[in-house]
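Here is what each chain is made of, one letter per residue.
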Amino acid sequence: MMRGWGHLLERDQVARPDNTELTKEDEVSGIRVLVGTRKGTFILSSDGMRDRWDISGPHFAGWEIYHVKGSPADPNRLYASQTSAWFGQVIQRSNDGGKTWQPVGNKFSYDGVPGTHQWYDGTQHPWEFKRVWHLEPSLTDPDTVYAGVEDAAMFRSVDGGQTWQELAGLREAKGHLWQPGAGGMGLHTIVLDPSDPSRIFIAISAAGVFRTDDAGKTWRPMNSGLKSQGELPDPEAEVGHCVHRIAMNPARPDVLFMQKHWDVMRSDDAGASWQEISGDLPSDFGFPIEVHAHEPDTVYVIPIKSDSEHFPPDGKLRVYRSRTGGNQWEALTKGLPQRDCYVNVLRDATAVDSLDPCGVYFGTTGGQVYASANAGDTWAPIVRDLPAVLSVEVQTLP
Amino acid sequence: MIRVVLPAHLRTLARLTGELQLHVDGPVTQRTVLDALEATYPMLRGTIRDHATQQPRAFLRFFACKEDLTHEPPDSPLPDAVANGTEPLRIVGAMAGG
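Here is what the cut-offs are and how they apply
Residues numbered from 1 in each chain as written. Chains lettered and ligands numbered in written order. Predicted model: local features only at pLDDT ≥ 70, side-chain atom pairs only at ≥ 80, totals over all residues. Helix = DSSP H or I, 4+ residues; strand = E, 2+ residues; numbered from the N terminus. Rg over C-alpha atoms; globule rule 2.2 N^0.38 Å. Contact = placed C-beta atoms within 7 Å. Buried ≥ 20, exposed ≤ 12 C-beta atoms within 10 Å, placed from the backbone. Core = buried A, V, L, I, M, F, W, Y, C linked by C-beta atoms within 7 Å. Nonpolar A, V, L, I, M, F, W, Y, C, P; charged D, E, K, R; others polar. Pairing = 2+ DSSP bridges. Arc of directions from axis to C-beta. pLDDT = per-residue confidence, 0-100. Axes fitted to C-alpha atoms, helices over the stretch in contact; angles between N-to-C directions.

### With respect to the overall build of chain A
Logical step 1: Across its full length, chain A carries zero helices and 30 strands.
Logical step 2: Compactness check: chain A gives a C-alpha radius of gyration of 20 Å against a globular reference of 21 Å for 398 residues, within 12% of the reference.
Logical step 3: For chain A, the C-alpha atoms occupy an extent of roughly 70 × 45 × 40 Å along the three principal directions.
Logical step 4: Here the analysis covers contacts within chain A between residues at least 6 apart in sequence; of these, 51% occur between residues at least 24 apart.

Listed below in structure tokens is the structure:
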């Protein structure tokens, strides 16, 4: 494989014009893209140039892999959520960057008597565990990992996934009023605040955003400013909003961005209030939202035509980038199909790396994984024909 | 010894090839066979029976001696041919296709 100088550069470093050998401290060993699909996990690996890729997989062939994510504290520690309509939930753990895996604990028992939530017919329905949608490893401890599950609840493991305990205070935040959408009532987003280990943001479809400031003991809804006209009897209800995804730049943890069912939103006060920033997007419906690794006001969304037509407007797959923290958006199209494209991009299927320029990645329900090594200016597929992509995560390896 | 045939996905999960053999103390029933299976292969816990309810998962079937035993009570004796190891208990994923 050809290797240029770019693959050795951490951000903010400058290439040496004389091509002298870089020190070991300068090296970035590469990029690892973790892809969860309807029929297994795939691991895509490259050096820092991000132009040639090795593909391994399928791991767990035939199983739905809702999410795979690596520990920021130990990049060789990976967690995967493996699920099946036949065999239920399995959690897999790797200690060698995905070369080998071991099944760990899969017992997700709600704390105490789990109670009930709203059901489709207006009655109350008991909480029932179905699957793990999202795994979020701790920023500092490889053995601590959070799980967002359906029916919506938050679990934590402090022993590398062997055992799981519910953070049951979350369901006390008006859980009896939460109601599943057509896709199920899943806790799909977990954002850890790097400046305050006690603060965690989560999002649930269809309940909204919630925040804890005491490491998960107590939670409160953070949905002020969201408007769900046509979806809720009270469009500004405290809970019930169909939040699809929230994202944060770690350098500015009080600023959050949200892709809601409809509307792209922003909060400058850690979720206490939200303002719409959809601006000039062709559609403000979509699933993922992502923030540039080094530019906290550069935000990415992938507009989808509507909630009944889950494909890009006009058959053109376009990532939209705002460099102004919202409202003004530019279409990024180079290298993406601009005709006859009717795939979807799901909520957990985008990610950014931390190289400079920032790499941006997303996977589609058509099985393509696209990458941009220049913050979205141009795109190329890493792989085109995987099963439908459910999740994409990226590790920038030391 | 009790012979058990697992579906392919569970053989992979348990790192098995072919059928397996289990020792079961006392009466040979669905429950005692599954208890022995999960004790020997703990990674299978929760994949055949729900953790909370201990009910078999909806899309699994239990076949033996050309009979569907899925809906037999879990404490009913399995056929003698299973108990004496002549025939295996087959755990089968329900058919799905399109």
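### Notes on the overall build of chain B
Logical step 1: Secondary structure assignment for chain B yields three helices and five strands.
Logical step 2: Start at the N end of chain B and walk to the C end: the helices and strands fall as β-α-β-α-β-β-α-β.
Logical step 3: Compactness check: chain B gives a C-alpha radius of gyration of 13 Å against a globular reference of 13 Å for 98 residues, within 12% of the reference.
Logical step 4: Its C-alpha atoms put chain B at 35 × 30 × 25 Å along the principal axes.
Logical step 5: The buried share of chain B, taken over its 98 residues, is 23%.
Logical step 6: A fraction of 54% describes how many contacts in chain B between residues 6 or more apart in sequence connect residues 24 or more apart.

### Structural notes on the nonpolar core
All names here are of chain A.
Logical step 1: Ranked by internal contacts, the top residues of the largest apolar core, which has 127 residues, are Val33, Ile246, Tyr361 and Val369.
Logical step 2: If one sorts the elements of this core by residue count, strand 15 (residues 200-205) sits on top with five residues.
Logical step 3: Beyond its immediate chain neighbours, meaning those up to four positions away, Val33 contacts Leu44, Tyr361, Val369, Ile382, Val392 and Val394.

### With respect to the interface of chain A and chain B
Interfaces are frequently sized by the accessible area removed from exposure as the parts join.
Logical step 1: Facing 13 residues of chain A, the contacting portion of chain B comprises 12 residues.
Logical step 2: Residue composition of the side of chain A that touches chain B, by class: six nonpolar, six polar and one charged.

### What to know about the sheet that holds strand 4 (residues 64-70) of chain A
All names here are of chain A.
Logical step 1: Pairing within the open sheet is antiparallel, and its four strands lie in the order 4-5-6-7. Of all the strands in the sheet, just strand 4 and strand 7 (102-103) have a single pairing partner and so form its edges.
Logical step 2: For strand 4 and strand 5 (residues 78-84), the ladder comprises six bridges, and the chain directions are antiparallel. Residue pairing for strand 5: Lys69 is matched across the bridge by Tyr79.

### Observations regarding helix 2 (residues 30-40) of chain B
Residue and element names in this part refer to chain B.
Logical step 1: Within the span of helix 2, buried status applies to Gln30, Val33, Leu34 and Leu37. For helix 2, the angular spread of buried residues about the axis comes to 95 degrees, placing them on one side.
Logical step 2: Summarising the contacts, the buried residues of helix 2 are in contact with strand 1 (2-5), strand 2 (20-22), strand 3 (60-64) and strand 5 (89-93).

### What about the confidence of the model for chain B?
Logical step 1: Across chain B, the average pLDDT comes to 95, with 98% of residues at 70 or higher.
Logical step 2: Among the prediction metrics, the complex's ipTM stands at 0.95, with pTM recorded as 0.93.

### Side note on the sheet that holds strand 2 of chain B
Residue and element names in this part refer to chain B.
Logical step 1: With respect to topology, five strands assemble into an open sheet ordered 2-1-5-3-4, the strand pairing being mixed. On the outer flanks of this sheet lie strand 2 and strand 4 (67-68), each paired with one strand and no other.
Logical step 2: Looking at chain direction, strand 1 and strand 2 are connected through three bridges and run antiparallel. Within the sheet, the bridge partner assigned to Ile2 lies in strand 2 and is Leu22.
Logical step 3: Against the sheet, helix 2 engages strand 1, strand 2, strand 3 and strand 5, with an angle of about 110 degrees to strand 2.

### Description of unusual backbone geometry
Logical step 1: A:Asp151 follows A:Glu150 through a cis peptide bond whose omega is -5 degrees.
Logical step 2: When you line up the elements, A:Asp151 lands in the loop between strand 11 (145-150) and strand 12 (153-157).
Logical step 3: In this model, A:Asp356 is joined to A:Pro357 through a cis peptide bond whose omega is 5 degrees.
Logical step 4: Assignment of secondary structure puts A:Pro357 in the loop between strand 26 (350-352) and strand 27 (360-363).
Logical step 5: Of note, the phi angle at A:Ala375 is positive, near 65 degrees, even though the residue is not glycine.
Logical step 6: Note that A:Ala375 resides in the loop between strand 28 (369-372) and strand 29 (380-383).
Logical step 7: Phi at B:Gln54 takes a positive value of approximately 65 degrees, unusual for a residue other than glycine.
Logical step 8: Tracing the chain through its elements places B:Gln54 in the loop between helix 2 and strand 3.

### Notes on the confidence of the model for chain A
Logical step 1: The share of residues in chain A with pLDDT of 70 or more is 93%, and the mean pLDDT across the chain is 93.
Logical step 2: Predicted confidence is poor over residues 1-26 of chain A, with pLDDT under 50, and the contacts of this stretch with residues over four places away or in other chains come to 29 contacts.

### Some details on the pairing of strand 5 of chain B
All names here are of chain B.
Logical step 1: With two bridges connecting them, strand 1 and strand 5 associate as parallel partners. Looking at strand 5, one finds that Val5 is bridged to Arg90.
Logical step 2: Where strand 3 meets strand 5, four bridges bridge the pair, whose relative direction is antiparallel. Pairing of Phe63 across the sheet is with Arg90, part of strand 5.

### Details of the environment of B:Ala8
Logical step 1: Of note, B:Ala8 is situated in helix 1 (residues 8-14).
Logical step 2: Distance from B:Ala8 to B:Lys66, taken between C-alpha atoms, is 20 Å for residues 58 residues apart in sequence.

### Looking at the environment of A:Leu281
Residue and element names in this part refer to chain A.
Logical step 1: Mapped onto the elements of the fold, Leu281 is located in the loop between strand 21 (275-276) and strand 22 (289-291).
Logical step 2: Sequence-wise, Leu281 and Asp263 are 18 residues apart; in three dimensions their C-alpha atoms are separated by 9.8 Å.
Logical step 3: If we skip the residues at most four places from it in the chain, Leu281 touches Val264, Val301, Pro303, Tyr320 and Trp329.

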